[in-house]
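# A look at the structure
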Amino acid sequence: MEKPFVICHMLTSLDGKIDGKYMSAPACAPALEKYGEIRGFYGCEATLYGTTTMLGGYSAGRAPANLPDSPDYPMEDYVAESDVHNYIVSVDPAGVLGWESKYIEKKGRPRAHVIEVLTERVDPRYLAYLRQFDISYVFAGEEHLDCALLLHKLKTLFGIEKLMVAGGGLMNWSFAQAGLLDEVSIVMAPVADGNTSAVSIFEKADFLPEREPLAFTMKEIERINGGLWLRYTPQK
Ligand SMILES: NC(=O)c1ccc[n+]([C@@H]2O[C@H](COP(=O)([O-])OP(=O)(O)OC[C@H]3O[C@@H](n4cnc5c(N)ncnc54)[C@H](OP(=O)(O)O)[C@@H]3O)[C@@H](O)[C@H]2O)c1
């Protein structure tokens, strides 16, 4: 099946956490800056985030609780016009995210067109909500995300050749477990905060089956401002 080249790119603490107070510590700042620079180095046309990450800083909160009845749109993929070939792929299986525009503009990053990723459990009224903003959407899975199908659609419907999977931990592991990552890029900051509840770079969702640990081959390692940039290739 055709798919983009997929890089999982993450900033972690020394103990592999991707969230927590360590991120605002001065000792983390140089690694954070490097993390952004490396995003540019990969030059991906699309960046994918899970629902929790989208809610944390990319969507306009949650969609209204009571969506109005509206004309029915078929449960089919919709590819909207976009004036940029740069995308934020928003995994939103149940259709809960709120929007104000079909573009996301973040400081220091290029304007990105939103692609919502839904499953068949979405309320059809949510499709009408997305149409209000002319946001693209694709279906990938019945209840849970079908990662392989999504990648195929990103390549064939949107022409995406290189995709960055950028969190959170549940999303990252969904792609890793399905054997769909081509590279893992970790910027490790020289800092930790002892948090026992923060998510780590890989978190297995309860609905995924158990599997053997995944092994990686080291591709490159570089010292960066007191931290490390680690590049690995997952062993297939
Ligand atoms: N350090 C970094 O570089 C970095 C980057 C990005 C994010 N983060 C951090 O990561 C944290 C969030 O990570 P997270 O692991 O809790 O959440 P996440 O991966 O952002 O999102 C998890 C949600 O996505 C949906 N999901 C994930 N895998 C799925 C699958 N296979 N099928 C269907 N749905 C799936 C589920 O939504 P439903 O439950 O609605 O079905 C799940 O609850 C945040 O604190 C954020 O700040 C850090």
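Residues numbered from 1 in each chain as written. Predicted model: local features only at pLDDT ≥ 70, side-chain atom pairs only at ≥ 80, totals over all residues.

## Things to note about the overall build of the chain
The criterion, for reference: By definition, any uninterrupted DSSP run of H or I lasting at least four residues is a helix, any uninterrupted run of E lasting at least two residues is a strand, and each is numbered from the N terminus. Only the C-alpha atoms count toward the radius of gyration. The rule for a globule is 2.2 Å times the residue count to the power 0.38. Residue burial is a threshold on neighbouring C-beta atoms within 10 Å of the residue's own C-beta, all placed from the backbone, with 20 or more meaning buried, 12 or fewer meaning exposed, and counts in between meaning partly exposed. Throughout, a pair of residues is in contact if the C-beta atoms placed from their backbones lie within 7 Å.
Counting its regular elements, the chain contains five helices and 10 strands. Here the C-alpha atoms of the chain give a radius of gyration of 18 Å, agreeing with the 18 Å that 2.2 N^0.38 yields for 236 residues. Relative to its 236 residues, the chain shows a buried fraction of 37%. Expressed as a percentage of contacts within the chain between residues at least 6 apart in sequence, the contacts between residues at least 24 apart total 80%.

## Some remarks on the nonpolar core
The condition that has to hold: As used throughout, a nonpolar core is a set of buried Ala, Val, Leu, Ile, Met, Phe, Trp, Tyr and Cys residues joined through C-beta atoms within 7 Å of each other. Just so you know, the domain bounds were taken from an automatic or database domain assignment.
In this structure, Leu48, Val89, Val117, Leu163 and Val165 are the most contacted members of the largest nonpolar core, which totals 59 residues. A domain split of this core shows at least three residues from each of domain 1 (1-44 + 164-236) and domain 2 (46-160). If near-sequence neighbours (up to four positions away) are discounted, valine 89 is found in contact with Ala46, Thr47, Leu48, Ile115, Val117 and Leu154.

## Points about the domain arrangement of the chain
Considered domain by domain, the chain is made up of domain 1 (1-44 + 164-236) and domain 2 (46-160). Relative to domain 2, the C-alpha centre of domain 1 lies at a distance of 23 Å. Taken together, the contact between domain 1 and domain 2 spans 19 residues of the former and 19 residues of the latter. Taken together, the elements giving at least two residues each to the side of domain 1 that touches domain 2 come down to β7 (162-165) and α5 (169-177).

## As for helix α3 (residues 124-132)
What counts here: Note: the arc covers the axis-to-C-beta directions of the helix.
Within α3, the full set of buried residues consists of Tyr126, Leu127, Tyr129 and Leu130. One side of α3 holds all its buried residues, which, seen down the axis, span an arc of 160°. Buried residues in α3 make contact with β5 (112-118) and β6 (136-139). Of the residues flanking the end of α3, it is aspartate 134, one or two places downstream, whose phi is positive at about 55°.

## A closer look at the pairing of strand β3 (residues 87-91)
To keep it simple, the criterion reads: Here, any two strands with at least 2 DSSP bridges between them count as paired.
Counting buried residues in β3 gives five out of five residues, a clear majority hidden from the surface. Side chains Tyr87, Val89 and Val91 project from β3 onto one buried face, and the interleaved Ile88 and Ser90 project onto a second face that is buried too. In terms of strand pairing, β3 meets β5 through five bridges, oriented parallel. Pairing of tyrosine 87 across the sheet is with histidine 113, part of β5.

## Points about the pairing of β5
Most of β5 is tucked away, with seven of its seven residues classed as buried. Going residue by residue along β5, you find Ala112, Val114, Glu116 and Leu118 tucked away on one face and His113, Ile115 and Val117 tucked away on the opposite face as well. Examined bridge by bridge, strand β4 (residues 103-104) and β5 share two bridges and lie antiparallel to one another. For tyrosine 103, the partnering residue across the bridge sits in β5 and is histidine 113.

## What to know about the environment of glutamate 222
Relative to the helices and strands, glutamate 222 resides in strand β9 (residues 216-224). It is 9.5 Å that separates the C-alpha atoms of glutamate 222 and valine 187, two residues lying 35 residues apart in sequence.

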